Amino acid sequence: MTLSFDPNSISLPMGHFIGGRLVPAEAVIDMHRPSDGKAYAGCPLADAALVDQAVETAREALDRSNWGGGRPRERTKALQRWADLIEAEAETLARLEALSSTRPVGHLVAGDIAVTAEQIRFFAEFADKEGGDLVPTDDANLGMIMTEPYGVVGAITPWNFPLSMAGWKLGPALAAGNAVVLKPSEMTPFSTLYLAELSVRAGLPAGLVNVVLGDGPITGTAITGHPGISKVSFTGSTAAGAAIMTNIARTGVKPMTLELGGKSPQLVFADADLDLAAGAIAASILSNAGQACICGSRLIVEAKVADALVAALVARLAAVRPGPTWEETTDYSPVISERQIARMDGIIRAAIDGGAECLTGGGRLDREGYFYAPTLISGVTATSPAVLEEIFGPVLTIQTFEDEEEALSLADHPSYGLAAGLFTRDLSRAIRLTRRLQAGTVWVNRYGRSRDHILPTGGYKQSGIGKDLGREAYHANRKSKSVLISL
Ligand code: NAD
C-alpha cells in the first residue's frame, strides 16, 4: 500500500479544539501548499476571548479530572494509550501534515510521527518515577523538596516540524500533571488539531489538551500574557522569543522555556573520516531542505582537506529527489513560502556581491512549488549575512581554518549557540573542543539527534532558555516547593 495521496481529497478540520471537541471557526489567514504553491485553505484566528475560553476550559478539566493529583500511573497509562493511537492513526496524521507543511509523507510516517509517539511514551514513564527529594538537614528537622504541576501550560510551536514540536511540548507538560493550551503555527495547524482529538479518543480528560489556531501577534500574545497560563513553552525564532519575553514581562512574571533559532557550525579536521563527514553534513542541509533549528549551516573545514570535502558534498547535494510532500518517494522538501525563496535569494546575492562564490545551487528549482536548489557558498567572510543570519533553507557556507584556535574562533557565533558538529579521529581533540564549543549540543562524528530522548535539547546564548526533551523537560513542567519540618 502506498502512502501517496491526492492533496485535493483531504478534508480539513476547520476550527479550534477546545473542551474535547472541534469549535468551528471561519478561515481567516490564507494558506498555500509549499509543494505546488496553490492556495488551498485558510487558518482560523483565535482572539483573546477565545483564548480565555480555552484557558478556562483547561482549568476546569484539571479540577474535574484531578489529572495532576490522581494516581500518577493512571497518567502514564492514558498517555501510553494516546501514543498507541498516534501510531495507529499515523497515515491520517501524516496526510494532514504533509498537505500544508514541508514534510514528505514518507518521512512523517517513518520519522516524525513514530518519534512523537515514542517521546510521549518516554515522558509518560516519568509520571510515576520522578518525584521530589529528601534533603540532608540536622536531626531536629526534616527537609524535603516537593514538586507540583504548574496548572495550565501555554505552548506555541513553529511550522517546520509541527507534530514533533507539539509532542515535545505536550508529552512532558501532560505527564507532569498539567493541562495545555497549544497554538500551532498558522501555516501548518491541521495535524495538531487531529493530535488533540486523538488524546480524547485515548481517554485523556476532555479539556486537558486544547488547540487554538491563529497568528503570533493576536493569538500568541493572548496566550503568553494570559493570567491563567502559569508557564509558557515556546519553540520558534529568536525574534518571536524576545517578543514573548517582553509580553510576559509586561503582563506578569511567569516561567518560560524558549527553544529558538540557530546557525550551527560543523567543524571538520583533516584527520576526520571525510566520507562520513560529507554524508552527515549533506544530510543536515538536505533534511527538510535545511529548515531545522539545528541545521548545520556553517561548514568550517581544515584548509588542506577543503577541496576534497567540497567535492564530496557537491556530489551528494546534486543527488536530491525533490517532489510534492504527498508523494511517498519524495526525499527533498520544498521551502515553506514564496517569501522565503525571495529572502534566500537576497542573502545569497548579497554574499556574491561581497566576493563569495556559489559552488552549486543558488536559486529555485525549475518546477512548481517553492523548491530551492541545495546551495554551497565559499569565500564568505565572518561578517557576511550568509554566515551570520539563520537562513532556514538548504544553504551551506564554507570557511577554512589552519589550526584549532582559528576553528573555534570561526565556530563561535556572536548570538546563536544551539548545536555544533565536530569531525575528527583524535579523541583528545574531540574532548578538548567539545569543552570549549559554545553550544547546547555537540555532536562528534555525527550530526543530528538520535532517538535517545533522554538527551535534552536547548540553546546557549540567544538560541534559547531551558531545555526540551530529557529529564529537564519533565522537571521544567513542575514547580518545586521547599519544605522544612521541625521535629
Ligand atoms: P516564528 O517565531 O515565526 O513562529 C513560531 C510560532 O510562534 C508560530 O506559532 C507563530 O505564530 C508564533 N509567534 C510568532 N510571534 C509571536 C509572538 N509575538 N507571540 C507569541 N507567539 C508568536 O518561527 P517559525 O518561522 O514558525 O519557525 C522557524 C524558527 O523556529 C526558526 O528560527 C527555528 O530555528 C526555530 N526552531 C527552533 C527549534 C529549537 O528547538 N530550538 C526547533 C524548531 C524551530
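Below: a short report on this structure. Predicted, not measured: the structure shown is a model, and the values here were computed from it.

**Remarks on the sheet that holds strand β6 (residues 141-149)**
Ordered in space as β5-β6-β22, the three strands form an open sheet in which the pairing is antiparallel. Of all strands in the sheet, those with a lone pairing partner are β5 (133-135) and β22 (478-486), marking the two edges. Along the sheet, successive strands turn relative to each other by an average axial angle of 25°, direction set aside. Two strands pair when backbone bridges link them, and β5 and β6 are joined in this way by three bridges, in the antiparallel orientation. Pairing of V135 across the sheet is with G143, part of β6.

**Observations concerning a nonpolar patch on the surface**
There is a patch of nonpolar side chains on the surface, built from L134, L142, I485 and L487 and spanning about 390 Å² of accessible area. Note that L142 resides in strand β6. A relative accessible area of 33% means that L142 is categorised as partly exposed.

**A few points about the nonpolar core**
Ranked by size, the top nonpolar core spans 128 residues in total, and within it W82, L174 and L204 carry the most contacts. Counting contributing residues, this core receives three or more from each of domain 1 (7-260 + 464-486) and domain 2 (265-459). The contacts of W82, once residues within four sequence positions are left out, are I120, L170, L174, L195, L198, S199, A202 and L204. Counting residues in hydrophobic clusters, the runner-up holds 14 residues, among them L267, A407, L433 and A439.

What counts, and where the lines are drawn
- Residues numbered from 1 in each chain as written.
- Predicted model: local features only at pLDDT ≥ 70, side-chain atom pairs only at ≥ 80, totals over all residues.
- Heavy atoms only, no water.
- Pairing = 2+ DSSP bridges.
- Helix = DSSP H or I, 4+ residues; strand = E, 2+ residues; numbered from the N terminus.
- Axes fitted to C-alpha atoms, helices over the stretch in contact; angles between N-to-C directions.
- Patch = residues over 30% accessible without salt bridge, like charges linked within 9 Å, V, L, I, M, F, W, Y side chains within 5 Å.
- Areas by Shrake-Rupley, 256 points an atom, 1.4 Å probe, with all protein chains shown as cover.
- Salt bridge = Lys/Arg side-chain N within 4 Å of Asp/Glu carboxyl O.
- Buried < 20%, exposed > 50% of the residue type's maximum accessible area, 1.4 Å probe, protein only.
- Core = buried A, V, L, I, M, F, W, Y, C linked by side-chain atoms within 4.5 Å.
- Domains from an automatic or database assignment.
- Contact = heavy atoms within 4.5 Å.

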